[in-house]
Amino acid sequence: MRSIKNDILILISILSVGLILLLITRIPAKPAGSVALITVEGREYARLPLDKDTVLTITVSGGTNTVKVADGRIYVESADCPDKICVGHKGISRCGETIVCLPHKVVIEIPDTGSEDTDFDAVSE
Amino acid sequence: MRFPNNEKKNPARTVALSGILIALSLIFGYVERLIPLPVPIPGVKPGLANLVTLTGLFFLSPLRVFIILIARILLSAFLFGNLAALLYSLAGGILSFFVMLFVKQSKKTTGLGVSIAGGTAHNVGQFIVAAMVLNTKALIYYFAPLIIAGALCGALLGVIFLAVSKYLKGKTP
């Protein structure tokens, strides 16, 4: 039988799965990172140390994103992508945090400090 | 407007109705662009156009609904010049269509449940494409928020659907 009870059951189960996943991926308080890794289409584009204030314009096939490092955090200052979600994102500074610009396929992330000793391994996954 | 009860018997009406529904879903897609959501997560939007797919599943043949869906996605990508998002829309739209069809055929839930499952599936589809295109583990942080947002937006659309379908029922086969 079609019933509203089953609808609510679906909603509650999806929401609880979502909340559990949220807890798994978010809860561990991450330490502040030292470097921001910028990748374009899955390939490394640049690494910016977070302790030095800089401005970098990322040029991709679809346009540009200008990122700025200030006060130990990195944020997208301006971009000509259609949705501007990356510009609206708050600055990131902790390991594991990311800013993604889907239209330009740009990912800015703060890698875990432990991953820096694998620098020579350029191709992974 | 009356929905056709036999596509073969009345092809002209079927074509006209499909055109109207494609236009309607295009407008929905356009209108929701004008409503900015204060969420810093790519891909989170109400998905008003899914209302057409959802309603269609209950009143038209699945094939007709699928054609309307694909036509809407292609036209919207070309009209609004957002070709970068085409792959995401296709993945989300197609996955959500089949999940909604499955949930609807199971006859266990009302349109509300179908919509919740569809909204979630849409975001999961988009996430899969994003994971393949961007190829980074960092994206996993968006997975949980996307699931939750999809379920909530789906619930919102489901409530609208339940209200709308009351008025369509008397005029349906």
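Before reading on, note that the structure itself is shown above.
The shown structure was predicted, so the numbers you read here are calculated from the model rather than taken from an experiment.

### Some thoughts on the environment of A:Val69
Residue and element names in this part refer to chain A.
Alright, step 1. In this fold, Val 69 is placed in strand S4 (residues 63–70).
Alright, step 2. On the basis of relative accessibility, which here comes to 1%, the residue Val 69 falls in the buried class.
Alright, step 3. For Val 69 and Leu 48, which are 21 residues apart along the polypeptide, the C-alpha to C-alpha distance reads 7.9 Å.
Alright, step 4. If we skip the residues at most four places from it in the chain, Val 69 touches Leu 48, Pro 49, Leu 50, Lys 52, Asp 53, Thr 54 and Ile 74.

### Quick look at the nonpolar core
Alright, step 1. Counting 34 residues, the largest nonpolar core has A:Ile14, B:Leu21, B:Leu57, B:Leu60, B:Ile68, B:Phe97 and B:Ile116 as the members making the most contacts within it.
Alright, step 2. Put simply, the parts of the chain that give this core at least two residues each are helix H1 (4–26) of chain A together with helix H1 (11–33), helix H2 (50–59), helix H3 (62–79), helix H4 (86–105), helix H5 (111–134) and helix H6 (140–169) of chain B.
Alright, step 3. The element that contributes the greatest number of residues to this core is H6(B), accounting for six residues.
Alright, step 4. Ignoring any residue separated from it by four or fewer positions in sequence, one finds B:Phe97 in contact with B:Thr53, B:Leu57, B:Pro62, B:Val65, B:Phe66 and B:Leu69.
Alright, step 5. Counting 20 residues, the second-largest nonpolar core is a separate cluster that includes A:Ile58, A:Val67, A:Ile74 and A:Ala79.

### Section: the sheet that holds strand S2 (residues 43–49) of chain A
All names here are of chain A.
Alright, step 1. The four strands are arranged S2-S1-S7-S6 in an open sheet whose pairing can be described as antiparallel. Each having just a single partner strand, S2 and strand S6 (98–101) make up the two edges of the open sheet. Within this sheet the neighbouring strands show an average axis-to-axis angle of 15°, counted without direction.
Alright, step 2. Bridge count for strand S1 (residues 35–40) against S2 is six bridges, and the pairing is antiparallel.

Procedures and definitions
- Residues numbered from 1 in each chain as written.
- Chains lettered and ligands numbered in written order.
- Predicted model: local features only at pLDDT ≥ 70, side-chain atom pairs only at ≥ 80, totals over all residues.
- Heavy atoms only, no water.
- Helix = DSSP H or I, 4+ residues; strand = E, 2+ residues; numbered from the N terminus.
- Buried < 20%, exposed > 50% of the residue type's maximum accessible area, 1.4 Å probe, protein only.
- Contact = heavy atoms within 4.5 Å.
- Core = buried A, V, L, I, M, F, W, Y, C linked by side-chain atoms within 4.5 Å.
- Pairing = 2+ DSSP bridges.
- Axes fitted to C-alpha atoms, helices over the stretch in contact; angles between N-to-C directions.

So far we have only geometry, and geometry alone does not tell us how the molecule works.
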